Amino acid sequence: ITTGERSDDTTTFRLLPTSVSAVYRCTYLADNTDVPLVPYAKLGLRYDFWWSTKDDGSVSEVGGARASGQTAGWQTVVGISLRAEALDPGAAHNLAVDFGVEHPGFFAEMMWADVSGLGQEHRLHVGDVTWSAGINFEY
């Protein structure tokens, strides 16, 4: 019976994205000039596992069917990395000698994922555009 009132139940949606990608990093500029930028791109296949759980941790049901599944798709990433060894050459040398880290740096990237099933029936479309940034290490 649908009453239109808000339920006191709590549901949780979980998503586990997995992917396999080919990566191209254009290191020519950073290796051969004083410009420490490394642009890169990734293209790959993606497969997301998803499920919804109830308060007790069991998988939710919608219309008698389990609220769980997988969705296939693809993703592409464009980004840029800034090699940081120019900030502290001594520390960069120590990282290379002690840990084998050749180029510590910072990165920013945009990912576009079209995880809409690749022709699957009864799929959940979970793709989106996301931005991320962080620290990277080249070995």
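Everything below is about the structure shown above.
This section reports on the structure supplied with the text. (Residues numbered from 1 in each chain as written. Predicted model: local features only at pLDDT ≥ 70, side-chain atom pairs only at ≥ 80, totals over all residues. Heavy atoms only, no water.)

Let us now look at the overall build of the protein chain. When you go through the protein chain residue by residue, the secondary structure sums to two helices and seven strands. Listed N to C, the secondary structure of the protein chain is β-α-β-β-β-β-α-β-β in terms of helices and strands. Computed over its C-alpha atoms, the radius of gyration of the protein chain comes to 22 Å, more than 25% above the 14 Å expected for a compact globule of 139 residues. Per-residue burial for the protein chain yields a buried fraction of 25% across its 139 residues. Within the protein chain, residue pairs in contact and separated by at least 24 positions form 64% of the contacts whose partners lie at least 6 positions apart. (Helix = DSSP H or I, 4+ residues; strand = E, 2+ residues; numbered from the N terminus. Rg over C-alpha atoms; globule rule 2.2 N^0.38 Å. Buried < 20%, exposed > 50% of the residue type's maximum accessible area, 1.4 Å probe, protein only. Contact = heavy atoms within 4.5 Å.)

Okay, unusual backbone geometry next. At L118, a position not held by glycine, the phi torsion is positive, near 45°. A relative accessible area of 56% places L118 in the exposed class.

Turning our attention to the packing of aromatic side chains. In the structure shown here, the tally under the stated rule is two aromatic pairs. Note on Y47 and F49: the rings are 5.2 Å apart at their centroids and 80° apart in plane angle, and the pair reads as edge-to-face. On the numbers, 5.0 Å between centres and 90° between planes, the contact of W74 with W112 is edge-to-face. Taken together, the positions of W74 in strand β5 (residues 68–83) and W112 in strand β6 (residues 103–114) put the pair 38 residues apart, joining distant regions of the chain. Judged by relative accessible area, which is 36%, W112 ranks as partly exposed. (Phe/Tyr/Trp six-rings, centres within 6.5 Å; stacked < 30°, edge-to-face > 60°.)

Next up on the list: the pairing of strand β2 (residues 37–53). Relative to β2, strand β1 (residues 12–25) runs antiparallel, the two being bridged by 14 bridges. Across the sheet, S19 pairs through a bridge with R46, a residue of β2. Here β2 pairs with β5 via 15 bridges, running antiparallel. Paired with L43 across the strands is T76, a residue of β5. (Pairing = 2+ DSSP bridges.)

Spatial strand order, β1-β2-β5-β6-β7: five strands in an open sheet with antiparallel pairing. Because the sheet does not close on itself, it has two edges, and the strands there are β1 and β7 (129–138). For this sheet the average axis-to-axis angle between neighbouring strands, irrespective of direction, equals 30°. Judged from the 10 bridges that link them, β5 and β6 form a sheet pairing that is antiparallel. Opposite V78, over in β6, you have M110 as the bridge partner. (Axes fitted to C-alpha atoms, helices over the stretch in contact; angles between N-to-C directions.)

Here we take up the side chain of S52. Tracing the backbone shows S52 in strand β2. Not counting the four nearest positions on each side in its chain, S52 is found in contact with T11, T12, F13, S58, V59, S60 and A67.

A word on a nonpolar patch on the surface. The grouping of L29, V35, L37, I80, L82, L87, F106, I135, F137 and Y139 at the surface amounts to a nonpolar patch, some 980 Å² of accessible area in total. When contributions to the nonpolar patch are tallied by element, the ones reaching two or more residues are β5 and β7. Along the chain, Y139 falls in the segment after β7. (Patch = residues over 30% accessible without salt bridge, like charges linked within 9 Å, V, L, I, M, F, W, Y side chains within 5 Å. Areas by Shrake-Rupley, 256 points an atom, 1.4 Å probe, with all protein chains shown as cover. Salt bridge = Lys/Arg side-chain N within 4 Å of Asp/Glu carboxyl O.)

Limitation: the analysis is restricted to geometry and does not speak to function.
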